[in-house]
Structure formats: C-alpha cells, structure tokens
Amino acid sequence: PPLSIPRVPVPPSYFDENHLPSVRHQPNPMTPEAERQSRRRTCRFIEEAGQRSLRLPRVAVATATVFFHRFYAKHSFQEHDRFEVAMACLLLAGKTEESPKKLDFVIRECWKLRRRAQQQQQKMLNQAGGESPSMAGASPTAMPSP
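Conventions we followed
- Residues numbered from 1 in each chain as written.
- Predicted model: local features only at pLDDT ≥ 70, side-chain atom pairs only at ≥ 80, totals over all residues.
- Heavy atoms only, no water.
- Helix = DSSP H or I, 4+ residues; strand = E, 2+ residues; numbered from the N terminus.
- Buried < 20%, exposed > 50% of the residue type's maximum accessible area, 1.4 Å probe, protein only.
- Contact = heavy atoms within 4.5 Å.
- Expected span 1.5 Å × (residues − 1).
- Polar contact = N/O pair within 3.5 Å; in protein donor to acceptor, adjacent residues only side chain to side chain.
- pLDDT = per-residue confidence, 0-100.

Counting its regular elements, the protein chain contains five helices and zero strands. Counted from the first residue to the last, the protein chain has its helices and strands arranged as α-α-α-α-α. Looking at the 146 residues of the protein chain, the share that counts as buried comes to 36%. In the protein chain, the share of contacts with a sequence separation of at least 24, taken over all contacts with a separation of at least 6, comes to 59%.

Structure below.
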C-alpha cells in the first residue's frame, strides 16, 4: 500500500498589523498608522540612498527594502534606530545582489542624505515661521521626497 503523508493544517497567511512588535511594545506602543508611516518614510530613505547616493541596482534596493520589512516584522522600532537598520539593509543587499559597497562609503553617503533632509526640513519650518527644533533634536522622519 502507498505511504500516505499526513496533512498538517496551515494557518492563514494574512498579516495582522496589530500584532507587530512596535504596536505591542511596552511601555510606549506605536499606533499601526505611526508604524506604517515610519515604514514608508524609511523605505523612501532606502530608495533615495540606494539609487542616488550609493548607485545600487534597482534589485539591490528592492532587496534592502525586503530586509528592512522582515527585520521589523520581528523587532520593534523602539528598540532599534530605523536609519541604522536601513544602512545595514543597504550594505547587506549590495553584497547579496553582487553589488557590494564599502561600509564606510555606505555610512558616509547615508549620513549625508539624512543631514540634507534635516536641513531641508529646518528650512521649511523656518519659511513657515514656526518654532523650529534644534538640528541635534530634529527628526528626519519627514524627509521630503525628491
């Protein structure tokens, strides 16, 4: 008689954002909307840094984005700086996709891009006449798109 393989029930493959580590993090959980916004802004940073600053191929930038999302599916935004994680993802994706860049080059170019975004944000705040935070405390999360 043929050997039968038992069927194992497979859980549904949907992803509930209310169970993400950043949303469940205590004592200061993020809202799902705040997490989505952080992901979008950091992916835009990865796109800009990967294609314009580092001149990585499109497939390497896409791989970096996947690495970033996979990392934050298991870890919270409160525990790890998202820009440092983005830099690590770009470095690893470059190596994975046979387009390696030196670590110091990746760090230097990413920080230049981040500093430029902070300066643009500061300039926009000054033009709007609003009270502007110091550059040391300014958050580059609202990086303007190119």
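Right, picking up where we left off after that structure.
This paragraph deals with the side chain of Thr63. Following the sequence through the fold, Thr63 ends up in helix H3 (residues 58–74). Residues contacting Thr63, with those up to four places away along its chain left out, are Ala93 and Glu97.

If you check helix H4 (residues 82–96), its first and last C-alpha atoms are 20 Å apart, about what 15 residues at 1.5 Å a residue would give, namely 21 Å. All buried positions along H4 are accounted for by Arg82, Phe83, Val85, Ala86, Met87, Cys89, Leu90, Leu91, Ala93 and Gly94. Next to the buried residues of H4 lie helix H2 (32–53), H3 and helix H5 (103–128). With a side-chain oxygen lying 3.2 Å from the backbone nitrogen of Phe83, the N-terminal cap of H4 falls on Asp81. Of the residues trailing H4, Glu98 is marked for its positive phi of about 60 degrees.

What follows is about the confidence of the model for the protein chain. For the protein chain, mean pLDDT is 86; residues scoring 70 or higher make up 83% of the total. Looking across the protein chain, the model is least confident in helix H1 (residues 21–24), with a mean pLDDT of 90, and most confident in H4, with 97. Every residue in residues 132–146 is under pLDDT 50, and counting partners more than four places away or in other chains gives 28 contacts.

Attention now goes to H3. Relative to the 24 Å expected for 17 residues at 1.5 Å per residue, H3 spans 25 Å between its end C-alpha atoms, a close match to the ideal helical length. Among all positions of H3, only Ala60, Val61, Thr63, Ala64, Thr65, Phe68 and Tyr72 are buried. Where H3 is buried, its residues meet H1, H2 and H4.

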